[in-house]
Structures are given as C-alpha cells and as structure tokens.
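Examination of the molecular architecture
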Amino acid sequence: MRRKVVAGNWKMNHTSATGADFAAGIAPKFQTSAEVVFCVPYTNLWCVKEAVKDYPIGIGAQNLHYEDSGAFTGEVSADMLLKMEAKYVIVGHSERRAYYNETDETVNKKLKKAVSKGLTPIVCVGEQLTQREQGITEDLLRMQVRIAYMDVDAETALATIIAYEPVWAIGTGKTATPDQAQQACACVREVFGVLYGTDAASKIRILYGGSVTGANAKDLFDMPDIDGGLVGGASLKTEFVDIVNAVK
Ligand code: PEP
C-alpha cells in the first residue's frame, strides 16, 4: 500500500516570518493519513521547520546543486539543506527547466546527489501543451524518466518520489482531468517498471501536480496510479488544508 503524499511548493513566496506564521496557522488543521510536505524557499527552511515542529510535517527545498561545494555562486548543496533539517527536495520543476537551464541530465545528477545524502527528491516530469497536442506526451514522459533515472539502481530509485506535472496545467487554473492525469501517471509507472520491475513499480509514489484545488483534489487523488499531489498556488492558501484533508 503506497502512502499518499501531499507536498506544497511555495515557490518564491513568503519571507521567513510570514511563512512561519502561515505554516503554524494551518499545521493544526490537517486531518489526514497523507505524508505532508512544505517545500519552501531556502531562507524559510529553518523557521518553517521550527514553526511546525510539533506536527508530522516534512520540510523540503525547491532545488539543490549536484556538487558538494565549490565556486557555484548562489547555489545550495545537499549538506546545506540537511543542516536546515530539510528532508525533501524538488528536482527538475518545469519552472527551473524553463528559466534556469535545468535539463534531464542535471535532474539525473541532482536526483543521485539528493538520495546519496539521504534527501528524498520529488522528481518532476511533464509535457508542454504543444507536445500534448502533437500526441507525444507518453514518449516524452518515457524519455524524461529514463534520463532522470539513468545509472540509478533500484534502491536509489525507490528512495525518490515522482511528480507528473503537465506544464500547461501549472499555475494556469487548467487542471488535467482525472483520466488524463491517471493515464500519464500510469505511463510513468509503466516505464519505471520497465527499468526496475513490477514490484518496484507497485511501490514508487507518483504525484499529480497542476492547478490542484480543494475542489478537484479528491477526484485526482482517488485515481489508482495517483499517489497524491504537488501543489503550487493553492499551497499558499488555507485551501491547502482541504487538499491535504482530501486524503482521509
Ligand atoms: C507547481 O508549481 O508544482 C504547481 C503544480 O503549481 P500550481 O498548483 O499552482 O499549478
């Protein structure tokens, strides 16, 4: 039985002070069996962790560098995240791919670094609207997963979480239908099974992300291959409580 995960991606929102207040305000309201994660800006990691320390909430970052240290101005390493007691890190979010040259190859390096240090990477894949319109969504997902998991053994692969996030649904209010999301997540699970076998495929957790709201979360999360959500905009509102609590 795969435990569901609901992760909020705060993106570049909240200072440490407003973030800690917000997190402390919603933390007592969760009533769920899901693993709840707040992926916050680097500068908020410590304050938010402190603010929710009495609750079973994991803290994550939104990126990391694949090297341990060095001349990488503005970057943050896995060890730095661990010192802030981060447990999760988003890797390969479409905004990082679009604006900061993240590629499937850098995703592969970051995934390996994160797991080797004991962080759980939430590895994002997903198609653009034009790719969906061209009918190549599944080809693209297979390629993204294969490159992300290149030279990654099964134990390492199972220490990750995958998030299927169609780019056209992120921050647009255009949610994939439960059937569209299910089909894509099933495809991701299938390619994971080709790489690691059916037992591993039955264990890997695959989230859906893209305009999840309090109103649509349950229908999405009830689909057989969807193990929860990665939530952007709505994770900044008290609506996030309804999304989390959609998992009984
Ligand atoms: C995201 O940023 O990962 C995301 C899914 O955003 P939104 O929920 O706002 O579409």
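The structure contained in this document is the topic of the report that follows. (Residues numbered from 1 in each chain as written. Predicted model: local features only at pLDDT ≥ 70, side-chain atom pairs only at ≥ 80, totals over all residues. Heavy atoms only, no water.)

Now for the sheet that holds strand S8 (residues 228–231). What the 8 strands build is a closed barrel, ordered S1-S2-S3-S4-S5-S6-S7-S8; its pairing is parallel. Shown here is a sheet whose adjacent strand axes are inclined to one another by a mean of 25°, direction ignored. The pairing of strand S7 (residues 205–209) with S8 spans 2 bridges and is parallel. Pairing of Tyr208 across the sheet is with Gly229, part of S8. Against the sheet, helix H5 (residues 104–117) makes contact with strand S4 (88–91) and strand S5 (120–125), and its axis sits at roughly 160° relative to S5, the strand it touches most. (Pairing = 2+ DSSP bridges. Helix = DSSP H or I, 4+ residues; strand = E, 2+ residues; numbered from the N terminus. Axes fitted to C-alpha atoms, helices over the stretch in contact; angles between N-to-C directions. Contact = heavy atoms within 4.5 Å.)

On inspection of all chains with the given rule, the structure shows 20 salt bridges. Across the pair Lys117 and Asp79 runs a salt bridge whose closest N-O atoms are separated by 3.2 Å. Taken together, the positions of Lys117 in helix H5 and Asp79 in helix H3 (residues 78–83) put the pair 38 residues apart, joining distant regions of the chain. Members of the salt-bridge network, linked through shared partners, are Arg2, Arg189, Asp225 and Asp227. (Salt bridge = Lys/Arg side-chain N within 4 Å of Asp/Glu carboxyl O.)

As a further point, take the site of the ligand. Of all residues adjacent to the ligand, which total 14 residues, the nearest are Lys11, Glu165, Gly171, Ser211 and Gly233. Lys11 has a polar side-chain atom sitting 2.6 Å from an oxygen atom of the ligand. Here Ser211 contributes a backbone N or O atom positioned 2.7 Å from an oxygen atom of the ligand. Coverage of the ligand by the protein chains reaches 96% of its 290 Å² of free accessible surface. In terms of residue class, the shell around the ligand is made up of 4 nonpolar, 8 polar and 2 charged. (Near = heavy atom within 4 Å. Polar contact = N/O pair within 3.5 Å; in protein donor to acceptor, adjacent residues only side chain to side chain. Areas by Shrake-Rupley, 256 points an atom, 1.4 Å probe, with all protein chains shown as cover. Nonpolar A, V, L, I, M, F, W, Y, C, P; charged D, E, K, R; others polar.)

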